[in-house]
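Listed here are the chains, written in short residue letters.
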Amino acid sequence: MNPEYATTIFIAGTLIIILFAFTLVLFLIVHKKKQYHNLLEKQTMENNYQNQLLLSRLEVQEQSFRYFSEEIHDNIGQLLSIVKMQLYNIRNSSREKEIVDQATSSNDLLGKAIHDLRNISHTLNSGFIANAGLVDAVEKDLEYIRSAKGVDCNLVVKGEEYSIGNERELLVFRIIQEALGNAVKHAGPAHIEIGLNYGPGSLEVTVRDNGSGFKPGAQKDAGIGLINMQVRATMLKGELKVTSEPEKGTTIRLVILTNANNPEV
Amino acid sequence: MKMGVISNIYFCLLLLITAIGAYRFLLFEKSARLFYVLIATGLVNEILVRIFQYRQVNTMILYHFYCPLDFILICLFFLYSIKIRRRIPYNIAIFIVISLLGYLNYKYLQPVNHIASNMFTLESFSAIIMALFALYKILVDERIDLLYKYANFWFWAFSLILYGGTFFFWAYIIVIAKDDHLIEIAQNIQGLINIFVFIGIGFVFLFYPKMAKK
């Protein structure tokens, strides 16, 4: 081969491989950036879709709560009240001691059932929660748990209570309700303490139980409840933290920021 | 440009990069450390070549040791930087095969008075393939975003340029260039590529703490 021709080939070959390497580097940088942005966009869309799905689920849940509340109040509650009145009449009209005693006992039990049902109906009804306020609504729920589940519970309110807006209060209440439900259903606690700490710029909510606790991430059933609580906390732009240890109970802590001048914002 | 000038610039650059690398060495992850050892080995070889030249001793023998060592190190660098799942001890296999190739080349093809151009050509070709494979792996990996922040990406890219140039250089020397003038032209081009690549590597070493490691 002619040396001059070969040298030209050598120089051209070297230049081509350098140019190829440069082009490859440039292409990779641009391509990866584009690919990564597409991936991010896809993830954002998926997250938005998941959030929408969860929001819809919570809305459906809220509608179901309202429906059950109305049914309990207007239908079952009314029927039980009529039964109670009839039992009262039987007790008054009867002269046999045994019937009077049984009617009195049934009447008392029915009275308790009606009372519990009314509490359930109230705590399911978003309108009642809006009217009563967060503290009273929580008290009602605790009253029901004490009475129906036999769990000792108490509410500790620190600071001066203020409204954070009906919608936000409903979300906070549902988080507390979910936490209480999880505790009673899964942990079997002897005692539950709810804390509401009204600060000047924040509201701190704690639900602490002395039940069996769990290893975080190990319980699938509680996982759904936790997801619901997290979604609600996100809607409140708050921070929700769950700490638990087996045999050492569970603490759920929610902190939401409130505007000191206008807490409802 | 005279070869001596390019060679001296290259040598100074090598010294500087080795110093920067030594300064950053503790921050390097395993693959970057291997790449640094590769550079440092090049410097040691360059110093020995200069000492041999000064004492007017044949330098060819040095390349018979340096080339297999360089070959082993670049293979290990790619092995660790690509993070291939290793079921067999590749590093031992690489060491044995390359050492054996180096020895056979020295014994039967290019003995002590010849430069180990066969080994250099093989090394360059293998490095090009490994660099292209590494870059392909990046292409199919969806997790990486800002590629220019990845130190290994730059090491692979510079290896592709360096060994691409080296491959053509040795192929040219083996097959065509027989007179000194043509060899000098090839050496000049190769020297300029080396300078460009080593400046780049120097910057990667210098800014390594700001770069993504994985």
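Residues numbered from 1 in each chain as written. Chains lettered and ligands numbered in written order. Predicted model: local features only at pLDDT ≥ 70, side-chain atom pairs only at ≥ 80, totals over all residues. Heavy atoms only, no water.

Turning to the overall build of chain B, a few remarks are in order. Helix and strand content of chain B: seven helices and zero strands. In chain B, the succession of helices and strands from N to C terminus is α-α-α-α-α-α-α. Across chain B, the fraction of contacts at a sequence separation of at least 24, relative to all contacts at a separation of at least 6, is 73%. With an accessible surface of roughly 11,100 Å², chain B has 69% of that area assigned to carbon and sulfur atoms. (Helix = DSSP H or I, 4+ residues; strand = E, 2+ residues; numbered from the N terminus. Contact = heavy atoms within 4.5 Å. Areas by Shrake-Rupley, 256 points an atom, 1.4 Å probe, with all protein chains shown as cover.)

Quick look at the nonpolar core now. Formed by 81 residues in total, the largest nonpolar core has its most connected members in B:I74, B:F78, B:F153, B:W154, B:F155, B:I201 and B:F205. When residues of this core are traced back to their parent elements, those giving at least two are α1 (3-93) of chain A together with α1 (3-24), α2 (30-54), α3 (60-82), α4 (90-109), α5 (117-140), α6 (151-175) and α7 (180-206) of chain B. Here B:W154 is in contact with A:V25, A:I29, B:Y148, B:V204 and B:M211, once residues within four sequence places are set aside. (Core = buried A, V, L, I, M, F, W, Y, C linked by side-chain atoms within 4.5 Å. Buried < 20%, exposed > 50% of the residue type's maximum accessible area, 1.4 Å probe, protein only.)

Another point: unusual backbone geometry. Residues and elements named next belong to chain A. Here K237, not a glycine, exhibits a phi torsion of approximately 55°, which is positive. One can find K237 in the loop between α6 (220-235) and β4 (239-244). Residue classification places K237 among the exposed positions, given a relative accessible area of 75%. Phi angles above zero are rare outside glycine, and E247 is one such case at about 70°.

This next bit is on the environment of B:G164. With respect to the secondary-structure elements, B:G164 resides in helix α6. On the basis of relative accessible area, B:G164 is assigned to the buried category, the value being 0%. Spatially, the C-alpha atom of B:G164 lies 8.4 Å from that of B:A127, the residues being 37 residues apart in sequence. Discounting residues that sit within four places of it in the chain, B:G164 has contacts with A:I17, B:I128 and B:S159.

This brings us to the layout of surface pockets. All names here are of chain B. Estimated volume of the largest pocket: approximately 1,200 Å³. Lining the largest pocket are 41 residues, and of these Y63, I115, F169, W170 and Q187 lie nearest its centre. Among the secondary structure elements, those contributing two or more residues to the lining of the largest pocket are α1, α2, α3, α5, α6 and α7. The residue inventory of the lining of the largest pocket, partitioned by class, reads 21 nonpolar, 16 polar and four charged. (1 Å grid on protein atoms, 1.4 Å probe; cavity = no way out; pocket = protein on both sides within 12 Å on 5 of 7 lines; lining within 4 Å. Points joined across faces, edges and corners; volume = space filled by probe spheres on them. Nonpolar A, V, L, I, M, F, W, Y, C, P; charged D, E, K, R; others polar.)

Another aspect to go through is the packing of aromatic side chains. Residues and elements named next belong to chain B. Per the stated rule, a full pass over the model turns up 25 aromatic pairs over all chains. A centroid spacing of 5.1 Å and a plane angle of 35° characterise the contact between F28 and F205, whose relative ring orientation is tilted. Here the residue F28 occupies a position in the loop between α1 and α2, and F205 occupies one in helix α7, the gap between them amounting to 177 residues. Its relative accessible area of 3% is what places F28 among the buried residues. With a relative accessible area of 0%, F205 lands in the buried category. Taking 4.7 Å as the distance between ring centres and 70° as the angle between the ring planes, the aromatic pair formed by F28 and Y208 counts as edge-to-face. Taken together, the positions of F28 in the loop between α1 and α2 and Y208 in the segment after α7 put the pair 180 residues apart, joining distant regions of the chain. Clustering of aromatic rings is evident, with ring pairs tying together F25, F28, F35, Y36, F77, F78, F155, F205 and Y208. (Phe/Tyr/Trp six-rings, centres within 6.5 Å; stacked < 30°, edge-to-face > 60°.)

Note: predicted coordinates in regions of low pLDDT should not be interpreted at a detailed level. Residues and elements named next belong to chain B. Model confidence for chain B is summarised by a mean pLDDT of 85, while 93% of its residues fall at 70 or above. Across chain B, α2 holds the top mean pLDDT of 91, while α4 sits lowest at 84. Predicted as a complex, the structure gets a pTM of 0.61 and an ipTM equal to 0.77. (pLDDT = per-residue confidence, 0-100.)

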